[in-house]
Amino acid sequence: YIQPSAGDGGGALGAALYAWHCGLGNQKRFVMDHAYWGKEYRNDDIVAAADAAGVKAQYFGDESKLVGTVVDRLVAGKVAAWFQGRFEWGPRALGNRSIIADPRNPGTKDQVNTKIKFREPFRPFAPAVLAEESENYFDLAQPDKHTPARFMLLVVPVKEEKRDVIPAVNHMGTARIQTVYQDSSPRYHNLIRTFGQATGVPVLLNTSFNVRGEPIVNSPEDALNTYFNSDIDTLVMGDYLLEKP
């Protein structure tokens, strides 16, 4: 096992594990199966940021209605920013600070590249797929045994019969996938599952919630700043949905 931020940034994890085992004497082995270790913001923080920015935030007390509303917008060709829970530690956005879109539309890649990410058009985007459906779209037998795929660190072939189904995340027959699990990312899993129920394709285009030259957003204030300085159509933060006037 190689943890997903095996560079200088990984020293923080090593220090924490050293304290856990050697300082506190714990014997249980830590298994890192997700990267959601950053700061989490409450709904109160989201409302305060929206109020300060003069933006109306629509509250959804029912997760299924929130997810269904977002899926409707994705199916209609909209691009959404998805801000949930603790932000990701490591090199990839994994569904808590992500920009998401419909992978079935071949124009989605150019739309996100030119209007939102402001980056070179040849750079590919990654698919987030339900772990239980990944073998149907990608050459990845027994996905539970491939830990790097949880962290979007594994490139695999796209099955030939699926390449035209998900053209926005198919890069010359390959994809750097993220396998999404219900136990570690329940709301994101629900979103992809609901999108799959609506379209027959349980896959989303997922890229980091930032524009070129800036770090991935952390706080609600960061999210609002990036949202209003790009062509992202819809912003979802916690239980709130925001749209530009």
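Shown above is the structure to which this text applies.
Residues numbered from 1 in each chain as written. Predicted model: local features only at pLDDT ≥ 70, side-chain atom pairs only at ≥ 80, totals over all residues. Heavy atoms only, no water.

**Examining the overall build of the protein**
So, point 1. From N to C terminus, the protein includes eight helices and nine strands.
So, point 2. Its C-alpha atoms give the protein a radius of gyration of 18 Å, near enough to 18 Å, the size a compact globule of 245 residues would have.
So, point 3. Taken along its principal axes, the extent of the C-alpha atoms in the protein is 55 × 50 × 35 Å.
So, point 4. Expressed as a percentage of its 245 residues, the buried residues of the protein come to 48%.
So, point 5. A separation of at least 24 residues holds for 66% of the contacts in the protein among residues at least 6 apart in sequence.
So, point 6. Taken as a whole, the protein presents about 11,900 Å² of accessible surface, with 50% of it coming from carbon and sulfur.
So, point 7. Across the protein, the 27 positively charged side chains and the 29 negatively charged ones have centroids separated by 2 Å. (Helix = DSSP H or I, 4+ residues; strand = E, 2+ residues; numbered from the N terminus. Rg over C-alpha atoms; globule rule 2.2 N^0.38 Å. Buried < 20%, exposed > 50% of the residue type's maximum accessible area, 1.4 Å probe, protein only. Contact = heavy atoms within 4.5 Å. Areas by Shrake-Rupley, 256 points an atom, 1.4 Å probe, with all protein chains shown as cover. Lys, Arg positive; Asp, Glu negative; His and termini not counted. Charge placed at Lys NZ, Arg CZ, Asp CG, Glu CD.)

**Considerations on the pattern of salt bridges**
Opposite charge on two side chains lets them pair, provided their charged atoms get close.
So, point 1. Counted according to the given criterion, the structure contains seven salt bridges.
So, point 2. Two residues, R73 and E243, come together in a salt bridge whose shortest N-O distance is 2.7 Å. Here E243 lies in strand β9 (residues 240-243) and R73 lies in helix α3 (residues 63-75), a separation of 170 residues in the sequence.
So, point 3. Here R123 makes a salt bridge to E120, at a shortest N to O gap of 3.3 Å.
So, point 4. By relative accessible area, R123 is classed as partly exposed at 35%. (Salt bridge = Lys/Arg side-chain N within 4 Å of Asp/Glu carboxyl O.)

**Topic: the packing of aromatic side chains**
So, point 1. For the structure on display, the rule yields five aromatic pairs.
So, point 2. With a centroid separation of 6.5 Å and 45° between ring planes, the pair formed by Y137 and F138 is classed as tilted. Take Y137 and F138: they sit in the same class, and that class is buried.
So, point 3. The residue whose ring lies beneath R97 is F83, and the NZ or CZ to ring-centre distance is 3.8 Å.
So, point 4. A cation over a ring is seen here: R150 above Y181, with NZ or CZ 3.8 Å from the ring centre. (Phe/Tyr/Trp six-rings, centres within 6.5 Å; stacked < 30°, edge-to-face > 60°. Lys NZ or Arg CZ within 6 Å of the ring centre and 35° of its normal.)

**Comments concerning the packing of α3 against helix α7 (residues 186-199)**
So, point 1. Packing of α3 against α7 brings their axes to within 9 Å, and their N-to-C directions diverge by 55°. Relative to α7, α3 is oriented oblique. Here α3 runs over α7; the crossing is right-handed. Taken together, the residues of α7 that come into contact with α3 (itself represented by E63, L66, V67, V70, V71, L74 and V75) are R187, N190, L191, T194, F195, A198 and T199.
So, point 2. A breakdown of the residues in the contact of α3 with α7 according to their chemical character gives nine nonpolar, three polar and two charged. (Axes fitted to C-alpha atoms, helices over the stretch in contact; angles between N-to-C directions. Parallel < 35°, antiparallel > 145°, perpendicular 65-115°, else oblique. Left-handed = near helix turned anticlockwise from the far one by under 90°. Nonpolar A, V, L, I, M, F, W, Y, C, P; charged D, E, K, R; others polar.)

**Topic: the pairing of β9**
So, point 1. Pairing geometry for strand β1 (residues 58-59) and β9, over two bridges, is antiparallel. Its bridge partner lying in β9, Y59 is registered against Y240.
So, point 2. Bridge analysis of strand β8 (residues 234-237) against β9 gives four bridges, and the strand direction is antiparallel. In the strand pairing of β9, T234 is matched with E243.
So, point 3. Between β8 and β9, which pair antiparallel and follow one another directly, the connecting turn spans two residues, one of which, G238, has a positive phi of 60°. (Pairing = 2+ DSSP bridges.)

**Considerations on the sheet that holds strand β5 (residues 154-157)**
So, point 1. Here nine strands make up an open sheet; going across it, the order is β1-β9-β8-β2-β3-β7-β4-β6-β5 and the pairing mixed. Of all strands in the sheet, those bounded by a partner on one side alone are β1 and β5.
So, point 2. Taken strand by strand, α3 contacts β2 (80-83), β3 (97-101), β7 (203-208), β8 and β9, and its axis lies near 30° from that of β9.

**Examining helix α4 (residues 108-117)**
So, point 1. Taken together, the buried positions of α4 are occupied by T108, K109, V112, N113, I116 and K117. Down the axis of α4, the smallest arc covering the buried residues is 130°, so these residues share one side.
So, point 2. Residues of α4 that are buried in the fold lie against β3 and β7.
So, point 3. Immediately beyond the C-terminal end of α4, within one or two residues, lies F118, with a positive phi of roughly 55°. (Arc of directions from axis to C-beta.)

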